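Reading the structure
The primary structure of each chain is shown beneath.
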Amino acid sequence: MTNAPTEAIDVARQQPYPGAPDNWKRFFTFSTDHKVIGIQYIVTAFVFFLIGGLLSMIMRGELVTPEANLVDRTIYNALFTMHGSIMLFLWTFPVLVGISNYLVPLMIGARDMAFPRLNAVSFWLIPVVGILMLASFLVPGGPSQSGWWAYPPVSLQNPTGNLINGQVLWILAIAISGVSSIMGGVNFVTTIFRMRAPGMTWFRTPAFVWSVLAAQLIQLYGLPALTAGAVMLLLDLTVGTSFFAPERGGNPVLYQHFFWFYSHPAVYVMVLPVFGIFSEVFPVYARKPLFGYRVVAVSSVLITVVSATVWVHHMFASGTPGWMRMLFMFTTMLVAVPTGVKVFAWVATIWGGKLRLNTAMLFAMGGLVNFVFAGITGVMLGSVPIDIHVNNTYFVVAHFHYVIYGAIVFGIYAGLYHWFPKMTGRMYYEGLGKVHFALTLAGTWLCFLPMHFSGLMGMPRRVSSYDPEFALWNVLASLGGFLLGMSTLPFILNMVSSWIQGEKAPNNPWKAIGLEWLTTSPPPVENFEEIPTVISPPYGYGRNEPLIENQSEAVPADGVTT
Amino acid sequence: MRTINIRAVLTISLFVAFLTIASFWVAGQAPSWLPPQASAESKLYDELFSILSGIGTFILLGITLVLLYAVLFQRAAKYDDGDGPSIEGNTAIEIIWTLVPLGLVIWIATYSYQIYDTMAIRGPVELVHLHNPIEMKSALAVPLDEVKPQLPTEEIDVTAKQWAWVFRYPENVTSTELHLPVDHRIRLALHSDDVLHGFYVPAFRLKQDVIPNKTIDFEFTPIRIGKYRLRDSLYSGTYFAANQADVVVESAEDYDRWLANAAKQTPTPAFNPASAEYNRASEKTLVRGWKSVPPAPPPVVNFAPKQEPSSPPA
Ligand code: HEM
Ligand SMILES: [Cu+2]
């Protein structure tokens, strides 16, 4: 009974044709199907996650001992630059765009994104970004060594004197990634505004969709600033203009404003979709409606607005006058409020429910705790006097890894497990999933908790050698790092083997409420036989009400309902 | 109904009491994670950090324990695939958990403001000292004046470069070691010869980026005799990690003696880890590197230590 509908649809459409859900070759084509593109994004990004992870493990290898004795310092500096850049621009952004791409049209009851071709172009720019980044290892002088934020004057120094150098390739890669993201932003915002199914008012739109909207709005207002900064940097580097070059009268601090005006909100581009995943996952596995759904939904947009006004907190120890430090301290602290509201709402959603501790739920709950930790260190960093001491130390590294690994990667894993049956039509192995969770949780804490202490003691970030007093914390962090490396193995094993030979998935294995669960697993090319008409809000757990018109059962486990 | 309420109130009170005790304990531990308090500013810092650690513990532990309780005791029974209660929200609770954090962060920001204002570490382009509109200095537990005796201010010029620190004292005495008289207000003028650097002495809890083409005034008061480490905190290229110097805080008499003695020495090149390492590049590591910006020649200074910085572990 499970896959009969898929076949029926297939027969009706006279399979196979390139976009068909059972044709793996479609992943290697310029497909315009948002589901194919979503998976293209996710898999490509995951490859770069592994590459970025490999780089980080070489770094952790170097940091096992205080001296710089594993790789040359220039290599170490290239490693952390490429690690950061790859992890952000080739893993976190693309994987989240992939998940959003896959889910948004399904969740809002649309047949595809608003601009399917543009969508495909956005994706195919990502391999170009990746090739540019990796190619920079091969040019004379090696890759960029100025960190993922590429502050001038270091980023302008170019010791080889070549016109083609790692820094130029890096800027080009970032610019192309920016173009891809802007196109994606336009596409998502248009899709969400214009293509929601009949009856899906704003307050019947799933929280995930709200959070994607909030995130993509940031891309639209923020990326132009980053792009402008990058172009000026490129001109300084190649044709010798003097925007940021101090020896020619430029102002290097100006670059920091351009950079952080986008790159602070960018952290919310990354975390908001994860908030959305939390908001979807908790109700399903706690069997309760999302607590305060409307507030949770609206707070995403509030975060978008407030996060536009806090960027100077990355420059508290920089060339910023006291009044600016104070002003941005207040705005920074304000972000914690809508964020805190979400956290409480999730806890209240879980509380008193009937919990099912599937892998997805475990990752989401672990991610929530990690995020609270990161938020607390975030507020500490937002306090100017505190930041003055720990700015640019391992404390900051610890803070943002708790967010990016602890919350965002956890959230991504939660989402991938949760929607794996929908995406592939197969079930994953729960046991392997739990092993994966346990290793990831242990690795995250072992790797990143000690960094708080070395940072508080005064160990700067980005150092290739350090004083012996920091050794203990670094050995622990390195062990945790290697454990995290290992933790990806059960995940890969699980995903690959389940996709090939896992048990066939019903349409709605988790008995979840949501349009994506009303169609087949995997969904047909056009997503829905018939566009559904939404008649109730998205989280009706415990109420046994239909979500759409003419729905046969309130929470259908399988079978065709649309 | 009544008994249930009493039980609930009791449980919650116990829970809060436990969280409070744990938070106070962590707040007590927090200063021990930090280097010795070698400046007046570090005392203010540690107090603020301790308070924030306590608040943070309360929140993190509270949320984690609630979730842990749910995981242990609120799981669906094996064959129960029904739903939980259909609770969609609670306006009163939602208002509370918006206003309480709002009040909390406003308080933290205000308190941080006062601490920063009291530190008065100056920093860039502060030509007019903007005064605190919400001034409540008397509320501060450690007024800086108490720990900051009014002795004459010592003015020292600091130059950062790839990769060395050079300090210039009155009468043009130069050194690659920073000597400071204890309990005096110190005013540094920070310059960079090339890229951005960061002046950072963890034991002072103070940091300021050093920016080319700009002189930045920076003030603080060392209060503890000893030898501490100055680190470059803003990534400055290949030998960034090796760009360190010793900071020697000594009594005013020792300081004067040192200064007089240094003034008599003819300038010689100091030991410079970056250029030493550059000259024997690729000997030490397993994997050869790429071409680097060459380090500036070792600084030629009156007081020129011939070995690496040697401050004891903090
Ligand atoms: C309560 C919310 C948060 C607050 C108040 C906060 C505050 C801060 C502050 C003040 C800094 C600057 C520290 C410094 O450089 O000295 C910082 C750094 C950072 N934060 Fe957060 N943060 C929060 C949440 C997040 C989230 C959600 C993310 C990611 C999605 C994030 C990612 C980062 C990153 C990547 C950095 C370091 C950037 C760099 O220097 O390379 N933070 N945070
Ligand atoms: Cu930020």
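1. Some words on the overall build of chain B
Regarding its fold elements, chain B presents six helices and 13 strands. The buried share of chain B, reckoned over its 314 residues, is 51%. Here the analysis covers contacts within chain B between residues at least 6 apart in sequence; of these, 74% occur between residues at least 24 apart.

2. Here's the deal with unusual backbone geometry
Here the residue pair A:Ser521 and A:Pro522 is connected by a cis peptide bond, since its omega of -10° sits within 30 degrees of zero. B:Trp163 follows B:Gln162 through a cis peptide bond whose omega is -5°. One non-glycine residue, A:Ala150, adopts positive backbone phi at about 50°. For A:Ala150, a relative accessible area of 0% corresponds to the buried category. With a phi angle near 70°, A:Arg462 is a residue other than glycine that sits in the positive phi range.

3. Points about the interface of chain A and chain B
In this assembly, 106 residues from chain A lie in contact with 97 residues from chain B. Across the interface of chain A and chain B, roughly 8,500 Å² is buried in total on both sides, 68% from carbon and sulfur atoms. Of all residues in chain A, A:Arg73, A:Phe291 and A:His389 bury the most surface against chain B, accounting for 7% of the area lost on that side. In this structure, the connection of chain A to chain B is made through eight salt bridges. A salt bridge links B:Glu277 to A:Arg73; its shortest N-O distance comes to 2.7 Å. Between chain A and chain B we count 33 residue pairs in polar contact (both at pLDDT 80 or more) in total. The set of elements that each furnish at least two residues to the side of chain A that touches chain B consists of helix 3 (73–108), helix 7 (252–286), helix 8 (293–306), helix 9 (322–350), helix 10 (359–382), helix 11 (384–390) and helix 13 (430–457) of chain A.

4. A few points about the pattern of salt bridges
Under the criterion given, the structure shown has 19 salt bridges over all chains. Salt-bridge contacts for A:Arg287 lead to B:Asp83; the nearest nitrogen and oxygen are separated by 3.0 Å. One end of the pair, A:Arg287, is in the loop between helix 7 and helix 8; the other, B:Asp83, is in the loop between helix 2 (40–73) and helix 3 (91–119), on a second chain. On the basis of relative accessibility, which here comes to 1%, the residue A:Arg287 falls in the buried class. We classify B:Asp83 as partly exposed; its relative accessible area is 25%. In this structure, the salt-bridge partner of B:Arg187 is B:Glu219, at a minimum N-O distance of 2.8 Å. A residue pair is termed long-range when its members are at least 10 positions apart, and B:Arg187 in strand 6 (residues 186–192) and B:Glu219 in strand 9 (residues 216–220) qualify at 32 residues. Among the charged side chains, a network of salt bridges with common partners joins A:Asp467, A:Glu469, B:Lys227, B:Arg229, B:Arg231 and B:Asp246.

5. Let's talk about the coordination of the copper ion (ligand 2)
All names here are of chain A. Donor atoms from the polypeptide that coordinate the copper ion (ligand 2) comprise His-264 (ND1), His-313 (NE2) and His-314 (NE2), at 1.8 to 2.0 Å from the metal. If you list the donors of the copper ion (ligand 2) from N- to C-terminus, the spacing comes out as H-x48-H-H. The distance between the copper ion (ligand 2) and the iron atom of ligand 1 is 4.7 Å. One end of the pair, His-264, is in helix 7; the other, His-314, is in the loop between helix 8 and helix 9, and 50 residues separate them in sequence. Look at His-264 and you get buried, because its relative accessible area is 5%.

6. Some words on the site of ligand 1
Residue and element names in this part refer to chain A. Taken together, 23 residues lie near ligand 1, and Val-267, Asp-387, Asn-391, His-399 and Arg-461 sit nearest. For ligand 1, an oxygen atom lies 2.4 Å from a polar atom in the side chain of Asp-387. A distance of 2.9 Å is found between a nitrogen atom of ligand 1 and a side-chain nitrogen or oxygen belonging to His-399. The set of elements that each furnish at least two residues to the shell around ligand 1 consists of helix 7, helix 10 and helix 12 (394–424). The biggest single contributor to the shell around ligand 1 is helix 10, with six residues.

7. A look at the coordination of the iron atom of ligand 1
Coordination of the iron atom of ligand 1 by the protein comes from a single atom, A:His399 (NE2), at 2.2 Å. Mapping A:His399 onto the fold places it in helix 12.

8. A look at the side chain of B:Ser311
All names here are of chain B. Position of Ser-311 relative to the elements: it lies in the segment after strand 13 (300–301). At 2.8 Å, the side chain of Ser-311 and the side chain of Arg-229 are in polar contact. Those residues within four positions of Ser-311 in sequence are excluded, and the remaining contacts are Lys-227, Tyr-228, Arg-229 and Asp-246.

9. As for the pairing of strand 10 (residues 226–232) of chain B
Residues and elements named next belong to chain B. Within strand 10, five of the seven residues are buried, which leaves the element mostly enclosed by the surrounding structure. For strand 7 (residues 197–201) and strand 10, the ladder comprises two bridges, and the chain directions are antiparallel. Among the inter-strand pairings, Tyr-200 is bridged to a residue of strand 10, identified as Arg-231. Two strands pair when backbone bridges link them, and strand 10 and strand 11 (residues 244–250) are joined in this way by six bridges, in the antiparallel orientation. When the bridges of strand 11 are listed, Gly-226 appears paired with Val-249.

10. A word on a nonpolar patch on the surface
All names here are of chain A. On the surface, Val-43, Val-47, Val-496, Trp-499 and Ile-500 cluster together into a nonpolar patch covering about 450 Å² of accessible area. Only helix 2 (34–62) and helix 14 (471–501) provide two or more residues apiece to the nonpolar patch. Take the nonpolar patch: its biggest share by element is three residues, from helix 14. Of note, Val-43 is situated in helix 2.

11. A closer look at the pairing of strand 8 (residues 206–210) of chain B
Residues and elements named next belong to chain B. Burial within strand 8 is extensive, with five of its five residues counted as buried. Where burial is concerned, the two faces of strand 8 agree: the one with Leu-206, Gln-208 and Val-210 and the one with Lys-207 and Asp-209 are both buried. Summarising the sheet, strand 7 and strand 8 pair through five bridges and their orientation is antiparallel. Paired with Phe-199 across the two strands is Gln-208, which belongs to strand 8. Following strand 7, the chain reverses through four residues before pairing antiparallel with strand 8; Arg-205 in that reversal takes a positive phi of roughly 60°.

12. Notes on the confidence of the model for chain B
Detailed reading of predicted coordinates is not advised where the pLDDT is low. Residue and element names in this part refer to chain B. Confidence along chain B averages 86 in pLDDT terms, with 87% of residues attaining 70 or more. Every residue in residues 125–143 scores below 50 in pLDDT, and together they form 25 contacts with partners more than four places removed in sequence or on other chains. Among the scores for the predicted complex, ipTM is 0.91 and pTM is 0.92.

13. Focus on the environment of A:Asp112
All names here are of chain A. With respect to the secondary-structure elements, Asp-112 resides in the loop between helix 3 and helix 4 (116–135). The exposure class assigned to Asp-112 is buried, which follows from its relative accessible area of 15%. Taking the C-alpha atoms as reference points, Asp-112 and Thr-32, 80 residues apart in sequence, are found 8.6 Å from one another. Here Asp-112 is in contact with Thr-32, Asp-33, His-34, Pro-105, Thr-191, Met-195 and Asn-527, once residues within four sequence places are set aside. A distance of 3.4 Å separates a polar atom in the side chain of Asp-112 from the backbone nitrogen of His-34.

Procedures and definitions
- Residues numbered from 1 in each chain as written.
- Chains lettered and ligands numbered in written order.
- Predicted model: local features only at pLDDT ≥ 70, side-chain atom pairs only at ≥ 80, totals over all residues.
- Heavy atoms only, no water.
- Helix = DSSP H or I, 4+ residues; strand = E, 2+ residues; numbered from the N terminus.
- Buried < 20%, exposed > 50% of the residue type's maximum accessible area, 1.4 Å probe, protein only.
- Contact = heavy atoms within 4.5 Å.
- Buried area = accessible area lost by both parts, 1.4 Å probe.
- Salt bridge = Lys/Arg side-chain N within 4 Å of Asp/Glu carboxyl O.
- Polar contact = N/O pair within 3.5 Å; in protein donor to acceptor, adjacent residues only side chain to side chain.
- Donors = N, O, S within 2.8 Å, 3.2 Å for Na, K, Ca; no water.
- Near = heavy atom within 4 Å.
- Pairing = 2+ DSSP bridges.
- Patch = residues over 30% accessible without salt bridge, like charges linked within 9 Å, V, L, I, M, F, W, Y side chains within 5 Å.
- Areas by Shrake-Rupley, 256 points an atom, 1.4 Å probe, with all protein chains shown as cover.
- pLDDT = per-residue confidence, 0-100.

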